[in-house]
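Survey of secondary and tertiary structure
Each chain, letter by letter, is given below.
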Amino acid sequence: MLDAGMLGEEKKMKFRLAASALAIATLIAACGGASTPSPSSSANPCFPVKGQCPEEAQQLTASGATFPAVIYTKWVDEYYKATGVQVNYQAIGSGGGIKAITEKTVDFAGSDAPMTDAQLAAASSSILHIPTVMGAVVPTFNVPGVTKLNLTPETLAGIYLGAIKTWNDPKLAADNPGVSFPSTNITPVFRSDSSGTTFAFTDYLAKVSPEFKSKVGAGTAVTFPTGLGGKGNDGVAGAVKSTPNSIGYVELIYALQQKLGTASLKNASGKFVDPTLDAVSKAAVGVTYPDDLRVSITNSPNAEAWPISTFTFLLTYKDISDHAKALAMARYFWWGTHDGQNFAKDLGYAPLPADVLTKAEAKIHAITSGGTPVLPAK
Amino acid sequence: MRSGRGDRLFAGGVTGLALIVPLTLAGITLLMVEAAWPSITTYGLGFLTSSTWDPVKEIFGAAAYLYGTLVTTAVAVVIAAPVAVGAAIFLVEYAPQRVAGTLSFLIEVLAYIPSIVYGLWGLFVLVPLFRENVEPFLQSTLGVLPLIGGLFSGPIGGRDLLVGGVILAIMILPLLVAVSREVIAAVPTAQREGMLGIGATKWEMVRGAVLPYARIGIVGAIVLGVARAFGETMAVTLVVGNSSTAITSSLFVPGYTMASAIANQFVEASGQLYFSAIVEIAVLLLLVALIVNTLARLLIRRVAGTPQGFAI
Amino acid sequence: MSAAAIASPSWRVRRRRRVADTVMAVLLTAATAISVGLLLLILGYLIVNGLPALNLAFFTERPKPFGVEGGGVGPAIVGTLIVSAVAGVIAIPIGIAAAIFVTELRPGRWAAIVRFAAELIAGLPSIAVGVFVWSFLVRGLLGKYSAIAGAVALAVIMIPIVARTTEEVLRLVPGSLREAALALGAPRWRVVMRVVLPTARAGVATAAVLALARAAGETAPLLLTALGNLFFSTDLLRPIAALPLQIYQYAASPYDDWHAKAWGASLILVAVIALASFALRAFAPRVPR
């Protein structure tokens, strides 16, 4: 039981312990940080984006908005097939994306809400907003027996302020002749997380309802006076779907996928508009864009425009020290704003208008690594 | 001598690894208090009493979260404690040994179910059940009574503090049963025999000899259950509603608990004060966990020695 | 109900006492039935709702885009295995060392400190552990979401479980065994490694398996550290998928297909955990659980 041969056993066990400790330490130390920037070759295999590119990073991490998650998850699936690059996009909400990119815990982020001046100042260097698609924030409802619903800015604000409490309120009846509403309570559903969708929704309501502006205000994380919270667009859609007599606000595709009712809204020109992709595109007509593209297009004055339309953005640092990553990101953004647009309509998003696309291209060309643009000038 | 050096190496290695444990605890406490410090100094005690939680204006008061945690935990204990203690008494005093062993094992398996699975089950089974049947029933019966009627008032959405409390009750049940069992089993036979000797019925024996002796330990078990309920995150977050409305008396109101607030808001708390406020909630949870766990173990140790059987 | 009542010969009192006894027996049985019944109910739902979702694609494919049916949770299964395994590699040696420290080395006050610290860590809410590891690794040392951060968070949760169970098991080893070995001239470290630990082998394995089972089911710490991954990944320095994370995302979503997958993933998790504890019971019945 206790002889010299035993020595090997204990030593082995101790070695195993030490080895595992060392292995962990080495793993942590061997961060995949430094990469050799290749000479900025014309990168013809790499641009335009046609297939694999040997110099780019093979994996990217991203997080952010759930609003475009339906199309972004489609994009990363297709992009993987096209180029072999794994873009791991985790939909955690615009607020989560903004925080992640600010703290550089991800490579890029998605947000429907443009970053505020304060948020931009908190970042270590300049961040670009790259618009990818447009979408409609739609009031979606689950009311037994009701298939069509007309809402005005006043009634929508009233519901979310808790002023209109039941479905058979006369204010709702006034805009919906012939519809028989139940006498049940309205359960408004909102986002429990910090959300660009909330930003677009409240931005609109604050523009059309002074009472909403003063009581709740516009932002990604406002405090609604009443209702149920859902996490992400998918969480809100899920809550509306499973809660009778509820109403929520989601990107169009989420309501369509769940076969939930979508309300028509009275827009700024006085017309009741259905949430269609055409109506969304009309909201971008005649808009003056600031240089950094941080724009809000809610409550558009255009005749047929959907009043709660919004762009959604990908956020990236302008200068990224890791060349392979910068190249991979620029290529992905380029693919998304070009090839990716083909998937938009089927998935309930409106493609970028031509003038915005030009500006997006300029932003993508502006991405540099160590000062040098990663994509060749067109 | 070789063995002297071997012993020293061994002792050194083991000690080094073992000391990682208190070091980690210290690290956790220090790091989190440091991250929460801006919030602690800005809001002071008002953090606990104010229910205004406004990331936009940077005003943070966690009273609503504290309230949600307290209410769901209270509901959980009120429901789980009688059932758990009852089952524990049955298992120790009434059930034949082999049956008791199997049944105990089955109840313990409940503890191995991950909390997210409870959340899933709660969301898809309990929420519709409560929304369609239980809560309307409660509202129409108990809701009309004068004092406690307020608990069951208001619109019924299904995801609310009540369901949060119920799912917590199910989750702390196995823990309460296990510890209560140990505590009750630890009551000396002499006590029981004394009662039976004067002709008491089984229940009278339990009530007169066993329970008074085990009472402190059972309180300890309940305190452990409270500690567990306080920190429970995933199951509650799926069913509790996640709405930061003001504090009302109704159980049918969607609410937050401290843990679910952290889970929901941590990844997006940008801005130093917002982030700091979230971490402060975590620090509060930490504090409660430390205090309550220590208290519970002291109580249980008095009756049953070192608690076993809940390496859970 | 006083001694006087018990001694009372009045048949009325006796009947009241008997009725009370029966009523309580019924209530207590009911309480047990409810407790056991809850388990059977939950397991029943898991099986009925989870089984239909389990097909080959479920285990081998990665998730499809939002709203598209099909695909699977392959990355999450692989991710859970990897993260749990790495967490085990970190936590099991530390937990065993802590137990050895407390039972075999016993330098007085320090043993109490280590044991107390382990108990306190065991009582921490797992979300708080996630907050700590996020600050320490995700934002701090490593600078990104990663599998290793998730593993460290799980390891913190596992260590007290391993330590506590191993300690109890070590205490069960008869002192006479140790004394005999020491009397034969073996150095202390050999006594522990060659005599005590092997004797307690089954129990230590129990401790490890219990801790792994607990870690595999944790969600909150991974939310803040591992982030999740749409793709298969074995890279420790990248985000990784995990079954509990997948269940959380799928449960809160509106997609029926995802709901079914959430049940399926839950069934797998619970099945693995139940199998582990059944196996433990069969092979190491004498061990305090």
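Scroll up a little and you will see the structure.
As a starting point, this report considers the structure included with it. Residue positions within a chain follow its written sequence, with the count starting from 1. As they are written, the chains are lettered A onward and the ligands numbered 1 onward, keeping that order. Local features in this predicted model are restricted to residues of pLDDT 70 or higher, and side-chain atom pairs are both shown and tallied only at a pLDDT of 80 or more, whereas totals for entire chains, interfaces and linings draw on every residue. Side-chain figures throughout are based on the complete set of non-hydrogen atoms in the structure, without hydrogens or water.

A short note on the overall build of chain B
- Here a helix means four or more residues in a row that DSSP labels H or I, a strand means two or more in a row labelled E, and each is numbered from the N terminus. Looking only at helices and strands, chain B features eleven helices and two strands.
- Ordering the α and β elements of chain B from the N terminus gives α-α-β-β-α-α-α-α-α-α-α-α-α.
- Any residue under 20% of the maximum accessible area for its type is buried, any over 50% is exposed, and the rest in between are partly exposed; the area is computed with a 1.4 Å probe on protein chains only. Going through the 312 residues of chain B one by one, you find that 59% of them count as buried.
- By element, 67% of the accessible surface of chain B is carried by carbon and sulfur atoms, the whole surface being about 11,600 Å².
- For chain B, the centre of its 16 positive side-chain charges and the centre of its 15 negative side-chain charges are spaced 12 Å apart. The protein chains shown are the only cover counted for residues, whose accessible areas, like all others here, come from Shrake-Rupley with a 1.4 Å probe. Positive residues here are Lys and Arg, negative ones are Asp and Glu, while His and the chain termini are left out of the count. Where a charge lies is defined by one atom per residue type, namely NZ (Lys), CZ (Arg), CG (Asp) and CD (Glu).

Side note on the overall build of chain C
- Scanning chain C for helices and strands turns up 13 helices and zero strands.
- Along the chain direction, N to C, the helices and strands of chain C fall in the order α-α-α-α-α-α-α-α-α-α-α-α-α.
- Dimensions along the principal axes, computed over C-alpha positions, put chain C at roughly 80 × 65 × 35 Å.
- By the burial criterion, 62% of the 289 residues in chain C qualify as buried.
- Within chain C, residue pairs in contact and separated by at least 24 positions form 72% of the contacts whose partners lie at least 6 positions apart.
- For chain C, the centre of its 26 positive side-chain charges and the centre of its 12 negative side-chain charges are spaced 11 Å apart. Residues count as neighbours in contact if any of their non-hydrogen atoms are within 4.5 Å of one another.

A few points about the packing of helix α3 (residues 63–94) of chain B against helix α2 (residues 11–50) of chain C
- An axis is simply a line fitted to the C-alpha atoms; with a helix, the fit covers only the stretch in contact. Between two such axes, the angle follows the N-to-C directions and lies from 0 to 180 degrees. Interhelical geometry of α3 of chain B versus α2 of chain C gives an angle of 110° and a closest axis separation of 8 Å. Classed by the angle they form, the pair α3 of chain B and α2 of chain C counts as roughly perpendicular. Contacts from Val83, Gly86, Ala87, Ile89, Phe90, Leu91 and Tyr94 of chain B of α3 of chain B reach α2 of chain C at Asp21, Ala25, Leu28, Thr29, Ala31, Thr32, Ile34 and Ser35 of chain C.
- Polar here means any residue outside two lists: the nonpolar Ala, Val, Leu, Ile, Met, Phe, Trp, Tyr, Cys and Pro, and the charged Asp, Glu, Lys and Arg; Gly therefore counts as polar. Taken together, the residues that form the contact of α3 of chain B with α2 of chain C break down as ten nonpolar, four polar and one charged. The cut-offs work like this: below 35 degrees is roughly parallel, past 145 is roughly antiparallel, 65 to 115 is roughly perpendicular, and the gaps in between are oblique.

Regarding the interface of chain A and chain C
- The interface is formed by 45 residues belonging to chain A together with 39 residues belonging to chain C.
- The salt bridge definition used is simple: a Lys or Arg side-chain nitrogen within 4 Å of an Asp or Glu carboxyl oxygen. Summed over the shared surface of chain A and chain C, the result is three salt bridges.
- Measuring nitrogen to oxygen at the nearest pair gives 2.8 Å for the salt bridge that ties aspartate 77 of chain A to arginine 62 of chain C.
- Within 3.5 Å is the distance limit for a polar contact, defined as a pair of N or O atoms, with the added protein rule that one can donate a hydrogen and the other accept it, and that residues adjacent in sequence qualify only through two side-chain atoms. Across the contact surface, chain A and chain C share eleven residue pairs in polar contact (both at pLDDT 80 or more).

A few points about helix α9 (residues 188–199) of chain C
- By definition here, a helix of n residues has an expected span of 1.5 Å times n minus one. Counted at 1.5 Å a residue, the expected span for α9 of chain C with its twelve residues is 16 Å, and the 16 Å between its end C-alpha atoms agrees.
- Those residues of α9 of chain C that fall on the buried side of the exposure criterion are Trp189, Arg190, Val191, Val192, Met193, Val195, Val196 and Leu197 of chain C.

Some remarks on the interface of chain C and chain B
- Facing the 84 residues of chain C at the interface are 83 residues of chain B.
- The term buried area denotes the loss of accessible surface (1.4 Å probe radius) that occurs when two parts are joined, taken as the sum for both partners. Approximately 7,500 Å² of surface area, both sides summed, lies buried where chain C meets chain B, with 80% of it carried by carbon and sulfur atoms.
- The tally of links between chain C and chain B comes to one salt bridge.
- For the salt bridge of arginine 17 of chain C with glutamate 204 of chain B, the shortest nitrogen-to-oxygen distance reads 2.6 Å.
- At the boundary of chain C and chain B, one finds five residue pairs in polar contact (both at pLDDT 80 or more).

Digging into the packing of aromatic side chains
- Here the aromatic set is Phe, Tyr and Trp, taking the six-membered ring for Trp, and pairing holds for ring centres within 6.5 Å; pairs whose planes are under 30 degrees apart are stacked, those over 60 apart are edge-to-face, and all others are tilted. The tally for this structure, following the rule as stated, stands at 44 aromatic pairs over all chains.
- Relative to tyrosine 332 of chain A, the ring of tyrosine 79 of chain A lies with its centre 5.0 Å away and its plane at 70°, an arrangement referred to as edge-to-face. In this pair, tyrosine 79 of chain A sits in helix α2 (residues 69–83) while tyrosine 332 of chain A sits in helix α12 (residues 323–337), placing the two residues 253 residues apart along the sequence. For the residue pair tyrosine 79 of chain A and tyrosine 332 of chain A, the accessibility class agrees, reading buried in each case.
- A connected cluster of aromatic rings, assembled from ring pairs, spans Tyr72, Trp75, Tyr79, Tyr89, Phe108, Tyr332, Phe333, Trp335 and Phe343 of chain A.
- Two thresholds decide whether a charge sits over a ring: the Lys NZ or Arg CZ must be within 6 Å of the ring centre and within 35 degrees of the ring normal. Directly above the aromatic system of tyrosine 94 of chain B lies the positively charged group of lysine 202 of chain B, at a separation of 4.9 Å from the ring centroid.
- The ring of tryptophan 11 of chain C has arginine 12 of chain C sitting right over it, with the charged end atom 5.4 Å from the ring centre.

Here we look at the pattern of salt bridges
- For the coordinates displayed, the defined rule picks out 25 salt bridges over all chains.
- Its salt-bridge partner being glutamate 78 of chain A, residue lysine 74 of chain A comes within 3.2 Å of it at the nearest N-O pair. Of the two residues, lysine 74 of chain A and glutamate 78 of chain A both sit in helix α2, four residues apart, roughly one turn of that helix.
- Overall, the relative accessible area of 22% leaves lysine 74 of chain A in the partly exposed class.
- The partner of glutamate 93 of chain B in a salt bridge is arginine 192 of chain B, with the nearest N and O atoms 2.9 Å apart. Placement of glutamate 93 of chain B in helix α3 and of arginine 192 of chain B in helix α7 (residues 189–197) is noted, with a sequence separation of 99 residues between them.

Comments concerning a positive patch on the surface
Residue and element names in this part refer to chain C.
- Patch membership is restricted to residues that have no salt bridge and whose relative accessible area is over 30%. Joining uses 9 Å for like charges and 5 Å for the nonpolar side chains Val, Leu, Ile, Met, Phe, Trp and Tyr. A cluster of like positive charges, contributed by Arg12, Arg14, Arg15 and Arg18, occupies part of the molecular surface.
- On the secondary structure map, arginine 12 appears in helix α2.
- Residue class for arginine 12 comes out exposed when judged on its relative accessible area of 57%.

Let's talk about a nonpolar patch on the surface
Residues and elements named next belong to chain B.
- On the surface, Leu142, Val144, Leu145, Leu147, Ile148 and Leu151 cluster together into a nonpolar patch covering about 560 Å² of accessible area.
- With respect to the element layout, valine 144 can be found in the loop between α5 (115–141) and α6 (161–185).
- What makes valine 144 exposed here is its relative accessible area of 63%.

Notes on the sheet that holds strand β11 (residues 272–273) of chain A
All names here are of chain A.
- Strands pair, by our definition, only if DSSP identifies at least two bridges between them. Pairing within the open sheet is mixed, and its three strands lie in the order β5-β10-β11. Unpaired on one side and paired on the other, β5 (150–151) and β11 mark the two borders of the sheet.
- Taken together, the two bridges between strand β10 (residues 264–266) and β11 define a ladder with antiparallel strand orientation. Its bridge partner lying in β11, lysine 266 is registered against phenylalanine 272.

Topic: the state of the cysteines
Residue and element names in this part refer to chain A.
- What counts as a disulfide here is a pair of cysteine sulfur atoms lying within 2.5 Å. Scanning all chains against the criterion turns up one disulfide over all chains.
- Residue cysteine 46 pairs covalently with cysteine 53 via a disulfide, S to S 1.9 Å. One disulfide, between cysteine 46 and cysteine 53, carries an S-S torsion of 85° and so falls in the right-handed class.
- The class of cysteine 46 is buried, set by a relative accessible area of 1%.
- Overall, the relative accessible area of 3% leaves cysteine 53 in the buried class.

Things to note about the side chain of serine 369 of chain A
Residue and element names in this part refer to chain A.
- Mapped onto the elements of the fold, serine 369 is located in strand β13 (residues 368–369).
- On the basis of relative accessibility, which here comes to 9%, the residue serine 369 falls in the buried class.
- Not counting the four nearest positions on each side in its chain, serine 369 is found in contact with Asp319, Ile320, Ser321, Asp322, His323, Ala326 and Val374.

Details of the pairing of strand β12 (residues 309–317) of chain A
All names here are of chain A.
- Of all nine residues that make up β12, nine are buried, and the element is covered over most of its length.
- Taking every second residue as pointing to the same face, both faces of β12 are buried, with Ser309, Phe311, Phe313, Leu315 and Tyr317 on one and Thr310, Thr312, Leu314 and Thr316 on the other.
- Pairing between strand β3 (residues 108–111) and β12: three bridges, direction antiparallel. When the bridges of β12 are listed, glycine 110 appears paired with leucine 314.
- Judged from the nine bridges that link them, strand β4 (residues 127–142) and β12 form a sheet pairing that is antiparallel. Residue pairing across strands places proline 131 opposite phenylalanine 313, the latter belonging to β12.

So far we have only geometry, and geometry alone does not tell us how the molecule works.
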